[in-house]
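Working through the structure, step by step
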Amino acid sequence: MGSGFEHTALAVFTTLGPMGAGAFIALTYAFIAGQPDEAAAKRLDRWTALPLAVLAVGFLGAFMHLASPLNAFGVFSGVGASPLSNEILVGVAFAVLAVVYWVLALAGKLPFALRKTLLVVLAALAVVFAAFCGLAYMMYTIPTWNTPLSIVQMVGYMLAGGTVLGFCTVGFAQVGLPKGASTVALALTLAGVAVGTVGFGVQIAGLDAIRNIWSSAAELVPAIWMLLGAFAVCGLVAAALTFVAAKKAFAPALLVVACVVVAAGIFVARIGFYGLYMGIAL
Amino acid sequence: MAQYGFYFDATRCTGCKTCEAACRDYHDLPLELSYRHVYELEGGSWSQAADGTWTTDSYTYYTSFACSHCTNPACTHVCPTGAMHKDDDGIVSVDSHRCIGCGYCELACPYGNPHVDRDKGHSVKCDGCAERVAEGKAPACVEACSMRALSFGPMDSLPSGGVPAAVAPLPDPSVTTPNFLIKACASSQPCGSTSCVVANAAEVK
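Before going into details, it helps to say that this report is about the structure given with it. All residue numbers refer to positions counted from 1 along the written sequence of the respective chain. Chains carry letters from A onward and ligands carry numbers from 1 onward, assigned in written order. Whole-chain, interface and lining totals are the exception, using all residues; otherwise, since this is a predicted model, local features are given only for residues with pLDDT of at least 70 and side-chain atom pairs are given and counted only at 80 or more. The basis for every side-chain value is the complete set of heavy atoms in the structure, and neither hydrogens nor water enter the calculation.

**A closer look at the overall build of chain B**
Across its full length, chain B holds six helices and 13 strands. Here the C-alpha atoms of chain B give a radius of gyration of 18 Å, agreeing with the 17 Å that 2.2 N^0.38 yields for 205 residues. With the C-alpha coordinates aligned to their principal axes, the bounding extent of chain B is approximately 70 × 35 × 30 Å. Taken over 205 residues, chain B has a buried fraction of 53%. We call two residues in contact whenever any of their non-hydrogen atoms come within 4.5 Å of each other. Looking at chain B alone, contacts between residues at least 24 apart form 59% of all its contacts between residues at least 6 apart. The protein chains shown are the only cover counted for residues, whose accessible areas, like all others here, come from Shrake-Rupley with a 1.4 Å probe. Surface exposure of chain B reaches about 9,200 Å², of which carbon and sulfur atoms provide 50%. On chain B, the mean spot of the 14 positive side-chain charges and the mean spot of the 23 negative ones are 2 Å from each other. Where helices and strands are cited, they refer to DSSP runs of H or I of at least four residues and of E of at least two residues respectively, numbered from the N terminus. All radius of gyration figures rest on C-alpha atoms, and the globule criterion is 2.2 Å times the number of residues raised to 0.38. We call a residue buried when its accessible area falls under 20% of the maximum for its residue type, exposed when it is over 50%, and partly exposed in between, using a 1.4 Å probe and counting protein chains only. Counted as positive: Lys and Arg. Counted as negative: Asp and Glu. His and the chain ends are not counted at all. Where a charge sits is defined by one atom per residue type, namely NZ (Lys), CZ (Arg), CG (Asp) or CD (Glu).

**Description of the sheet that holds strand E11 (residues 163–164) of chain B**
Within the open sheet, the four strands sit side by side as E10-E1-E12-E11 (chain B). Their pairing is mixed. The strands lining the two open edges of the sheet, one partner per strand, are strand E10 (150–154) and E11 of chain B. Strands are labelled as partners when DSSP assigns at least two bridges between them.

**Side note on helix H5 (residues 112–135) of chain A**
Since one α-helical turn is 3.6 residues long, residues separated by three or four positions face the same way. All names here are of chain A. The span one expects for a helix is its residue count, reduced by one, times 1.5 Å. Look at H5: 34 Å from first C-alpha to last across 24 residues, which is about the 34 Å you get at 1.5 Å a residue. If you check which residues of H5 are buried, you get Arg115, Leu118, Leu119, Leu122, Ala123, Leu125, Ala126, Phe129, Ala130, Ala131, Cys133 and Gly134. Packed against the buried residues of H5 are helix H1 (8–34), helix H2 (38–47), helix H3 (49–65), helix H4 (83–106) and helix H6 (149–173).

**Thoughts on the nonpolar core**
Each nonpolar core is a collection of buried residues, namely Ala, Val, Leu, Ile, Met, Phe, Trp, Tyr and Cys, held together in the definition by side-chain atoms within 4.5 Å. By size, the foremost hydrophobic cluster in this structure holds 99 residues, and its most contacted members are Phe24, Phe94, Trp145, Leu177 and Phe200 of chain A together with Tyr104 of chain B. Examining the composition of this core, we find that 14 residues originate from one element, H1 of chain A, more than from any other. By size, the runner-up hydrophobic cluster in this structure holds 51 residues, among which are Ala10, Leu41, Ala66 and Phe180 of chain B.

**Considering the interface of chain A and chain B**
Contacts between the two partners involve 33 residues from chain A, matched on the other side by 42 residues from chain B. Both faces considered, chain A and chain B share a buried interface measuring about 2,700 Å² in area, 65% of it formed by carbon and sulfur atoms. Any carboxyl oxygen of Asp or Glu within 4 Å of a side-chain nitrogen of Lys or Arg constitutes a salt bridge here. Applying the counting rule to chain A against chain B returns zero salt bridges. For the side of chain A that touches chain B, the secondary-structure elements that each account for two or more residues are H3 and H4 of chain A. In terms of residue count, H4 of chain A provides more of the side of chain A that touches chain B than any other element does, four residues in total. Tallied by class, the residues present in the side of chain A that touches chain B amount to 21 nonpolar, 10 polar and two charged. Simply put, the buried area is the total loss of 1.4 Å probe accessible area from both parts when two parts are fitted together. Throughout this entry, Asp, Glu, Lys and Arg are counted as charged residues, while Ala, Val, Leu, Ile, Met, Phe, Trp, Tyr, Cys and Pro are counted as nonpolar. The remaining residues, Gly among them, count as polar.

**Some points on the pairing of strand E1 (residues 4–9) of chain B**
Residue and element names in this part refer to chain B. The buried fraction of E1 amounts to six of the six residues, a majority that puts the element mostly inside the structure. Residue alternation in E1 divides its side chains into two sets, Tyr4, Phe6 and Phe8 and Gly5, Tyr7 and Asp9, and both sets are buried. Relative to E10, E1 runs antiparallel, the two being bridged by five bridges. When the bridges of E10 are listed, tyrosine 7 appears paired with serine 151. As paired elements, E1 and strand E12 (residues 180–183) share four bridges and run parallel to each other. By the bridge assignment, phenylalanine 6 is partnered in E12 with phenylalanine 180.

**Topic: the pairing of strand E2 (residues 37–43) of chain B**
All names here are of chain B. The buried fraction of E2 amounts to six of the seven residues, a majority that puts the element mostly inside the structure. One ladder, built from three bridges, connects E2 with strand E13 (residues 196–198); its direction is antiparallel. In the sheet register, leucine 41 faces E13, and the bridge partner there is valine 198.

**Overview of the sheet that holds E13 of chain B**
Residue and element names in this part refer to chain B. The three strands are arranged E5-E2-E13 in an open sheet whose pairing can be described as antiparallel. At either end of the open sheet lies a strand with only one pairing partner, and these are strand E5 (59–65) and E13. For this sheet the average axis-to-axis angle between neighbouring strands, irrespective of direction, equals 30°. Alignment of E2 against E5, held across seven bridges, turns out to be antiparallel. Looking across to E5, one finds that valine 38 is bridged to serine 64. In this analysis, axes come from line fits to C-alpha atoms, helices being fitted only over the stretch in contact, and the angle between any two N-to-C directions falls in the range 0 to 180 degrees.

**Description of the pattern of salt bridges**
Residue and element names in this part refer to chain B. Using the criterion set out here, one finds seven salt bridges over all chains in the structure. The shortest N-O distance in the salt bridge between glutamate 203 and lysine 17 comes to 3.7 Å. Residue glutamate 203 is located in helix H6 (residues 201–204), and its partner lysine 17 is located in the loop between E1 and helix H1 (18–26); the two are separated by 186 residues in the primary sequence. Residue classification places glutamate 203 among the exposed positions, given a relative accessible area of 51%. Residue lysine 17 is classed as buried on the basis of its relative accessible area of 15%.

**Let's talk about the side chain of asparagine 86 of chain A**
All names here are of chain A. With respect to the element layout, asparagine 86 can be found in helix H4. For asparagine 86, a relative accessible area of 17% corresponds to the buried category. Leave out the neighbours within four places in its chain, and asparagine 86 touches Gly78, Val79, Gly80, Ala81 and Phe132.

**Digging into the packing of aromatic side chains**
Only Phe, Tyr and Trp rings take part, Trp by its six-membered ring, and two of them pair if their centres are within 6.5 Å. Stacked means planes under 30 degrees apart, edge-to-face means over 60, and tilted covers everything else. Throughout the structure, instances matching the rule amount to 22 aromatic pairs over all chains. For the pair phenylalanine 273 of chain A and tyrosine 274 of chain A, a centre-to-centre distance of 5.6 Å together with 80° between the ring planes defines the contact as edge-to-face. Summarising the aromatic geometry, the rings of phenylalanine 6 of chain B and phenylalanine 152 of chain B are spaced 4.8 Å apart at their centres and angled 55° between planes, so their arrangement reads as tilted. Here the residue phenylalanine 6 of chain B occupies a position in strand E1, and phenylalanine 152 of chain B occupies one in strand E10, the gap between them amounting to 146 residues. Each member of the pair phenylalanine 6 of chain B and phenylalanine 152 of chain B is classed as buried. In textbook terms, an aromatic cluster arises when at least three aromatic residues are bridged by ring pairs, as seen for Tyr137, Trp145, Phe273, Tyr274 and Tyr277 of chain A together with Tyr104 of chain B. Taking NZ or CZ as reference, arginine 270 of chain A lies 4.3 Å from the ring centre of phenylalanine 273 of chain A, over its face. Charges are assigned to positions over rings by a cutoff of 6 Å between ring centre and Lys NZ or Arg CZ, combined with an angular limit of 35 degrees from the ring normal. A cation over a ring is seen here: arginine 132 of chain B above tyrosine 26 of chain B, with NZ or CZ 5.5 Å from the ring centre.

In short, shape yes, function no, at least from these values alone.
In structure tokens:
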């Protein structure tokens, strides 16, 4: 048991990793629905460095969490058996494919059909990556985490954070999107906030039924509902900012603020989640 | 090779914690770390009868445990590198060259045994004092116990009277199938009991 802050590096990873990956859902929408011309596509490809950088900082967090980061490649030997290995495999698969996509796009060697295919695969992989981030915490000896809600909330955070970051990327690239884009941005962000809030909220509501020799799980983080509320409020503020920015040709300044706000909200929720660590007995 | 494990006789233990101290001393561990813990469990109450006399059913008992070298260890299940593994004699130990220090074993173990030593760069845990055992000696904790409450060896050679550890504060043995037998005392409470409290929380938490 602890405050959750002892897992700060992991909270950075599970906040920024899925957020960077989830941005590719918005990018997929931007390319398929927006049909940007060559110049706009080029700008968007250059700005795709932004979600990739966020993803990289996320992975750096995971790296910093290790006591022996130089042995990190060994994690692949547990693929199939260890939930952590599976999570990192999916994350690395996403990162490699995203970088391949980016390099091909920058090199101008990405026909639209292939771009569309790669983007759809990346968008799907972003969801799978988020799910595996949650799955990594489903250990039968940790009853507070051992729930599919650990997965649900991660998918919600990925969608909320990723959408805002994705449209922020679009904003920086100044790519014109169809009229309904603001509604799409709002809907995706709100859906993410709703899924994240419900996922974490239902998990918190179930804590009363869990206890070990020390206490009830409901006593682990007294402010846990406040932390959930902070995520929900941050998510709603970020959604509103994204919607307003979308009406103003995706004004990047507003979207940067939205990114920071939603990332802060997700981070707070993740710290709360780690604070809910409780062994089955001790 | 036979599966090795520990045996603890709760009817003998006085809670002196020499086993803990011997473990810490032999493995040169800092004060806040030990591969063996002694939990003091207390419970019961006093009640007053109509004639004014008082009776009590209060109790104290001790549970000394280290790694249970489980048959189905949670730590090896979650380990991403295979560093946490079972040796030929069933002892769960860490391959320090493969361990990345991710801490999943520490999170997963329901016996609170592995610990990530960031200075060493890998997990550390009870290995049943493998070097001592290889020399034909008993683990440090077993040898140090003045009440002879601890034993270690092949599971089928351990003293009779023990059953797979199923007392508070330990998890139900069905979770990881520990190779750890306990001879319970009269006060021992079952796994998951909330009628007792840990009296030495500051020492073990």
